[in-house]
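A structural walkthrough
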Amino acid sequence: MEKIKTDLGPDAVVLSTRKMKGKIEVIAARDQFGPGGSEGGPSEGADMVDFLKTELGQVKTLIRDVRREGEIQAELTELKETVGMLIEILGIRKKGGLPPSLSKAYYHLLSVGISKKRACALIEETRGSCPPDVLRDDCRTMGVVEDAIRRSLTPTYRPPKKKRLCAFVGPAGEGKTTTLAKLAVRSLAGENRSLGVITMDTYRIGGAEQLKIYTDIMKVPMEVASGKEEFDEALKKFAGKDTILIDTPGRGRDDEKDLLKLRESDTMDLPLEVNLVLSATSSRDSMMDAVRGFGCVGYDNIIFTKLDDARRYGSIYEVIDTVGKPVWYVANGQSVPRDLRRMDPAGLARLVAENRLH
C-alpha cells in the first residue's frame, strides 16, 4: 500500500490481487477526478478504472443475455404455436369464413383441452362433411364434430385369444396398483379365471403391502420380484394360472427391461400384454413424455385413470390420436372394482366432445 500510494497518491485504491508463482499481482488505481488526480487529464490508473468499468458493464450484459436465452426460447415456442394456429385458421377462413356453429365448436374444442392444430383439423373435416342445414344448428354441428373424433380414434380393444401375462406400466402415482386390483376382481367374478399376481414395485414405500391387502381379500396368491431371477421363479410358481397380472414400479423405462427380455424369450410360451396407465389429471405434455418414455416396452393398450378428478378430457384425445393405441378401460374413482369402465371409440368421442362422464 505504501508503494501504491507513493506511485498513485493517497487516494489510490486496490482493485484486485492475485497470487502468481510465489508473487502477488496487485492492480490499483485512483479516481481521475479525485484529489490525487492529474490536472492535465486522466492518469494511467484512471484509464484502468474506466476500462474495468466498461468490461464490467459488458459482463453484466452477457449475464443478462444468458438469463434471457431461456425466456427467448419460450417466447419463440409460443410464437411458433401462434403462427401455426393462425395459418390453420387462415386456411379455413380462406374458403369463405366459418359459420357461427363451427366457430362455437372450434372454441369449445379448445376449452376442453384439444390443441389448436387438432381443433382446426376437426373443424375443417366437419365443414367438408356438413350439409348447410346442419351447420345452422349448433347441436347437430357438434354431433358431426364428435363423429369426426370417433373416426380418428383406433378400433375397439380386442383381447388376445391366449392372454397369459398382463403387465401394467406407467409413471409413478398414475393408479397402476388400484387398476390391477379392479381388473383382478373382474377376472375372478366375471370370467372365473384363476389368477396370480407379481409385483415388481419394491421401491415405493408400502407399494407391495398395498397390493398384498387386495390379494389377501381376493384370496389370490402374490409374489414379490425385485430382480430377473425372482421374476422367473414367480412365473414358474404360477405356471398353472389362467392369467398372471404384473405390477411395475413406475420409476422409468429402465425398470421394464425384464418385461422386454420376457417378450423376447423363447423358453416360455407366455403371451404378454402390456398396458400403459396414464392419469387424466396429468398435462398433455406429461402424458406425451410418458408415451415416449415407455415406448421401448411396446405397450399394447392404454388405460386412463382418475377421470373423476380431471376437469378436461381433450388431452386424452390428443394422446390416443398421436400413438394410435386402443383404450381398454377408463377408471373414474377409487372403488374396487366398480369404478372401471370398458371404453370404445364412440364412448371416448362422447367423453371428449361433451367433456363429462356419463
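Structural notes, computed from the coordinates. Computed from a predicted model, the values in this text were never measured in an experiment. (Residues numbered from 1 in each chain as written. Predicted model: local features only at pLDDT ≥ 70, side-chain atom pairs only at ≥ 80, totals over all residues. Heavy atoms only, no water.)

Across its full length, the chain carries 13 helices and 10 strands. The buried share among the 358 residues of the chain stands at 40%. For the chain, long-range pairs separated by at least 24 residues make up 69% of all intrachain contacts whose partners lie at least 6 apart in sequence. For the chain, the exposed surface amounts to about 20200 Å²; the carbon and sulfur share of it is 52%. (Helix = DSSP H or I, 4+ residues; strand = E, 2+ residues; numbered from the N terminus. Buried < 20%, exposed > 50% of the residue type's maximum accessible area, 1.4 Å probe, protein only. Contact = heavy atoms within 4.5 Å. Areas by Shrake-Rupley, 256 points an atom, 1.4 Å probe, with all protein chains shown as cover.)

Formed by 60 residues in total, the largest nonpolar core has its most connected members in Leu109, Ile149, Ile198, Leu278 and Phe304. Dropping the residues within four chain positions of it, Phe304 is found in contact with Leu278, Met287, Ile316, Val319, Ile320, Val327, Tyr329, Val330 and Ala331. Membership of the second largest hydrophobic core comes to 19 residues, among which are Val220, Met222, Val277 and Ile303. (Core = buried A, V, L, I, M, F, W, Y, C linked by side-chain atoms within 4.5 Å.)

On to the packing of aromatic side chains. This structure, assessed with the given rule, holds 2 aromatic pairs. Taken together, a centroid distance of 5.1 Å and an interplanar angle of 75° make the contact between Tyr106 and Tyr107 edge-to-face. Its relative accessible area of 4% is what places Tyr106 among the buried residues. Aromatic pair Trp328 and Tyr329: ring centres 5.2 Å apart, planes at 45°, arrangement tilted. The same class applies to Trp328 as to Tyr329, namely buried. Against the face of Tyr329 rests Arg342, its NZ or CZ located 5.4 Å from the ring centre. (Phe/Tyr/Trp six-rings, centres within 6.5 Å; stacked < 30°, edge-to-face > 60°. Lys NZ or Arg CZ within 6 Å of the ring centre and 35° of its normal.)

Moving on, we get to the sheet that holds strand β10 (residues 340-342). Reading across the sheet, the 8 strands line up as β5-β4-β6-β3-β7-β8-β9-β10 and stay open at both edges, with mixed pairing between neighbours. Each of the sheet's edge strands pairs with one partner strand only, and the pair in question is β5 (222-224) and β10. Strand after strand, the sheet turns through a mean of 20° between neighbouring axes, direction not considered. Pairing of strand β3 (residues 165-169) with strand β6 (residues 243-247), which is carried by 4 bridges, proceeds in the parallel orientation. Looking at β6, one finds that Phe168 is bridged to Asp247. (Pairing = 2+ DSSP bridges. Axes fitted to C-alpha atoms, helices over the stretch in contact; angles between N-to-C directions.)

Let's shift gears to the packing of helix α3 (residues 100-111) against helix α6 (residues 138-152). Their axes nearest at 9 Å, the elements α3 and α6 cross at an angle of 50°. When the interaxial angle is binned, α3 and α6 end up oblique. Here α3 and α6 pass one another in a crossing that is right-handed. The segment α3 lies against α6, with Ser101, Leu102, Lys104, Ala105, His108 and Leu109 engaging Asp138, Thr141, Met142, Val145 and Ile149. Here the residues of the contact of α3 with α6 sort into 6 nonpolar, 3 polar and 2 charged. (Parallel < 35°, antiparallel > 145°, perpendicular 65-115°, else oblique. Left-handed = near helix turned anticlockwise from the far one by under 90°. Nonpolar A, V, L, I, M, F, W, Y, C, P; charged D, E, K, R; others polar.)

Honestly, it's all geometry; don't read function into it.
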